[in-house]
Each structure stands twice: as structure tokens, then as C-alpha cells.
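# Understanding the architecture of this molecule
Here is what each chain is made of, one letter per residue.
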Amino acid sequence: MNSVNKRLGINMSELIDVKQFGKVAVVCGGWSAEREVSLTSGQAVLEALLTKGVDAHHFDPKETDISKLRDYDRVFNVLHGTFGEDGSLQGVLDGFNIPYTGCGVLASAIAMDKFRNRLVWQALDLPNVPYVVLDDNTDFTAIEQQLGLPLFVKPAAEGSSVGVFKIKEAGELAKTYPQLKQYHGAILAEKAITGGEYACSILGDEVLPSIRIIPTTEFYDYEAKYNRDDTVYQCPSDLSEAQEQTMQQIARKAFAAIGGKGWSRVDFLRDDEGTLYLLELNTVPGMTSHSLVPMAAKARGMDFATLCVRILEQTLSE
């Protein structure tokens, strides 16, 4: 039915009776390193839902006891990072029997841990960025030689490029490693793949047009993502039709592999020969003015408010 509606140009979000949603909590903020981004996403989603007539309300678990979510009929989750994106909030909501946007407990937990997510993808022969898990006994010089310079080092369980460093000189990895021990999860060193960075968004059973990201900074770091206006976004991207189809197929398989549902953003790197590599999967993507899912939806002809309703609609089938 959805494909028929698309061909006929019917916008289902305009046909939905928003009263079906009941009282909606837009959950954002929290305690993670991504708090400020989450608050910005939450405000944008809240305003969008209100323009559509949804009975939506701001809810920050840092300021309001989480048990108060029992007063709501469903949750629009834009709580980025720890607790909101790692399966914790999802487990609470399952216990409360409250429908929520996005992935469930298991898929959220796997996607938040980049190391274990990659183990799943490796088992299915999906293309991964070459990486090594670091610990206190690692021979850092050997890793620099194995992966080559430059390389990237990052915490496995943070988002928004928090804690990501580009290692450019020999000996720098050993000096940088201790700084990452404050973050969650394993610490990964990754081969630098420099042919282009891309994002492929999934909305229900639809894959949205890919976006190529061209930062003016050394890499697509926190500043480039949220605070700079000179990052270039190409949407539709520079991929050929065949490459676009390949990326969409890999994105679908990567999302299905973790048991994903609802919506997500799958990030890719491409090497100079055109080979695609999975970088990570985001189960609670950003919804700010700089965010990629809204850009991809816009390229499909969908405005931000309609996108938010489409995401929330998915909770009606639960």
C-alpha cells in the first residue's frame, strides 16, 4: 500500500489523525556527552510535531524523573548517546509498555557499541573499515605500521565524533590512547579511508538518497557536524546509480543484521578505487538544522515536520 501511495503522490502523514498519537513525550537532553546536540534535536522535533497538531511535550530525564513517562502515550526518542541510544531507555519504555520511535533494546545496544556491531557485520561478510581494538598492552608502533598513517582512534561507544582523533605522526597513537580511556566501551584504531564520506538514511521500508559529506576541517568532527556552516553536503551525492544501489543494499543488510526497525542512518567511507566500507550505524540520528536525515528527506520532497510525523507513525503498529 505504501508504494501505491507514493506512486499516486499521496502523503500519508497528511491523512493520519494525529489524535491517535495521544500525549507524546519528546525525550532529549540527558547526561551524555551529546546532551547539547540532543536538546537541539528535541526542540526541533517538538516544534515540528506541534505544527502538525500533535500533543507533544519536552521531556529531559536529567530534569524529570523517568517514571513520569508513564503519563504519556508514546515517546519520540531523540536522546542521543548513553542511556537514550544504547538500549537503556528502550528497556525502561518496554517495561512501561509505552511505544517509542526507533530500534528496540538489542538493536540499540549493538549499534551503540561500534566494536560489537562490526563483529556482527563481519560475520555476514559486510564490508567493514579495517580496525584494531586497543588496550594497555597494545604495541602502538606496530598498529601504526599495520594500519598506516594517518589513522583514526575513537571510543567504540560514543557518538557525534566525541573522542575521535586523527593520528598523523609516528608515536602519536601511544600518546593519545590514555585520553580515550575516560569514554565508554572499547577503543578502536581505524585505517584512514579517504575517498569520501557518505550517509545513507533509512525510514521504515524506504532508503533515502545518500549524502556525501565534505568537511573543510581535517575530518568530519563535532565542530564540522554541528557548529560550522562551511561543511559541504551533496544530496543527491556524487555516486553513480549503480553505486547508489549498492550502498542502499548494504545499508539495508547492515540495519537488518542488528534487528533494526523504524529509522536510522548508516555511515560509509569510500576508498579511492570506489569500494564502500561500513563505518557505523546510528539508531537515534540527529535532527538539528545540520543533520543528515532531514537533508535526505528533503531531497525526497519531504519537509521536516512531515518527516517527524512519519517517524512517529511507526509507533502506531506496535
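Residues numbered from 1 in each chain as written. Predicted model: local features only at pLDDT ≥ 70, side-chain atom pairs only at ≥ 80, totals over all residues. Heavy atoms only, no water.

### What about the overall build of the protein chain?
- Within the protein chain, the regular secondary structure consists of 12 helices and 13 strands.
- Compactness check: the protein chain gives a C-alpha radius of gyration of 19 Å against a globular reference of 20 Å for 318 residues, within 12% of the reference.
- Taking the contacts inside the protein chain whose residues are at least 6 apart along the sequence as the reference set, 68% of them involve residues at least 24 apart.
- For the protein chain, the accessible area works out to roughly 13,900 Å², and carbon and sulfur atoms hold 49% of it.
- In the protein chain, the 30 positive side-chain charges and the 43 negative ones have mean positions that sit 3 Å from each other. (Helix = DSSP H or I, 4+ residues; strand = E, 2+ residues; numbered from the N terminus. Rg over C-alpha atoms; globule rule 2.2 N^0.38 Å. Contact = heavy atoms within 4.5 Å. Areas by Shrake-Rupley, 256 points an atom, 1.4 Å probe, with all protein chains shown as cover. Lys, Arg positive; Asp, Glu negative; His and termini not counted. Charge placed at Lys NZ, Arg CZ, Asp CG, Glu CD.)

### Quick look at the packing of aromatic side chains
- According to the stated counting rule, one finds five aromatic pairs in the structure shown.
- Between Phe115 and Tyr131 the ring centres are 6.3 Å apart and the planes differ by 70°, which places this aromatic pair in the edge-to-face class. You can see Phe115 sitting in helix 6 (residues 114–123) and its partner Tyr131 sitting in strand 4 (residues 131–134), a full 16 residues away along the chain. Each member of the pair, Phe115 together with Tyr131, is buried.
- Between the NZ or CZ atom of Lys23 and the centre of the ring of Tyr72, over which it lies, the distance is 4.8 Å. (Phe/Tyr/Trp six-rings, centres within 6.5 Å; stacked < 30°, edge-to-face > 60°. Buried < 20%, exposed > 50% of the residue type's maximum accessible area, 1.4 Å probe, protein only. Lys NZ or Arg CZ within 6 Å of the ring centre and 35° of its normal.)

### Remarks on the sheet that holds strand 3 (residues 74–77)
- Taken together, the three strands give an open sheet; going across it, the order is 2-1-3, and neighbouring strands pair in parallel fashion. Two strands lie at the open edges of the sheet, namely strand 2 (55–59) and strand 3, each paired on one side alone. Averaged over all pairs of adjacent strands, the angle between strand axes in this sheet comes to 30°, irrespective of strand direction.
- Bridge count for strand 1 (residues 23–27) against strand 3 is four bridges, and the pairing is parallel. By the bridge assignment for strand 3, Val24 is matched with Arg74. (Pairing = 2+ DSSP bridges. Axes fitted to C-alpha atoms, helices over the stretch in contact; angles between N-to-C directions.)

### A few points about the pattern of salt bridges
- Counted according to the given criterion, the structure contains 11 salt bridges.
- Note that Glu190 and Arg118 form a salt bridge whose closest N and O atoms lie 2.4 Å from each other. In this pair, Glu190 sits in strand 7 (residues 187–191) while Arg118 sits in helix 6, placing the two residues 72 residues apart along the sequence.
- Judged by relative accessible area, which is 0%, Arg118 ranks as buried.
- A salt bridge links Arg300 to Glu206; its shortest N-O distance comes to 2.7 Å. In this pair, Arg300 is assigned in the loop between helix 11 (292–299) and helix 12 (304–313) and Glu206 in strand 9 (residues 206–207), connecting sequence segments 94 residues apart.
- Among the charged side chains, a salt-bridge network with shared partners connects Arg35, Asp60 and Glu63. (Salt bridge = Lys/Arg side-chain N within 4 Å of Asp/Glu carboxyl O.)

### Digging into helix 6
- By the burial criterion, the buried members of helix 6 are Lys114, Phe115, Asn117, Arg118 and Trp121. All buried residues of helix 6 project into a common sector of 160° when viewed along the axis, lining one side.
- Each element contacted by the buried residues of helix 6 is listed here: helix 5 (105–112), strand 4, strand 5 (151–155), strand 7, helix 10 (241–257) and strand 13 (276–282).
- Backbone geometry just downstream of helix 6 places Asp125 in the positive-phi region, at approximately 60°. (Arc of directions from axis to C-beta.)

### Here we look at the pairing of strand 13
- The buried count for strand 13 comes to seven of seven residues, which makes it a mostly enclosed element.
- Relative to strand 13, strand 12 (residues 263–270) is paired through six bridges, and the arrangement is antiparallel. The partner of Val266 across the bridge, within strand 13, is Leu281.
- In textbook terms, the turn of a hairpin is the stretch between consecutive antiparallel strands, and for strand 12 and strand 13 this stretch comprises five residues, one of which, Gly274, has a positive phi near 95°.

### Re the state of the cysteines
- Under the defined criterion, the tally for this structure stands at zero disulfides.
- In this structure Cys103 is not part of a disulfide, and its nearest cysteine sulfur, from Cys200, lies 15 Å away.
- By relative accessible area, Cys103 is classed as buried at 2%.
- Of all cysteine sulfurs, the one in Cys28 lies closest to Cys308, which takes part in no disulfide; the gap is 12 Å.
- Judged by relative accessible area, which is 0%, Cys308 ranks as buried. (Disulfide = S-S within 2.5 Å.)

In short, geometric facts, not functional conclusions.
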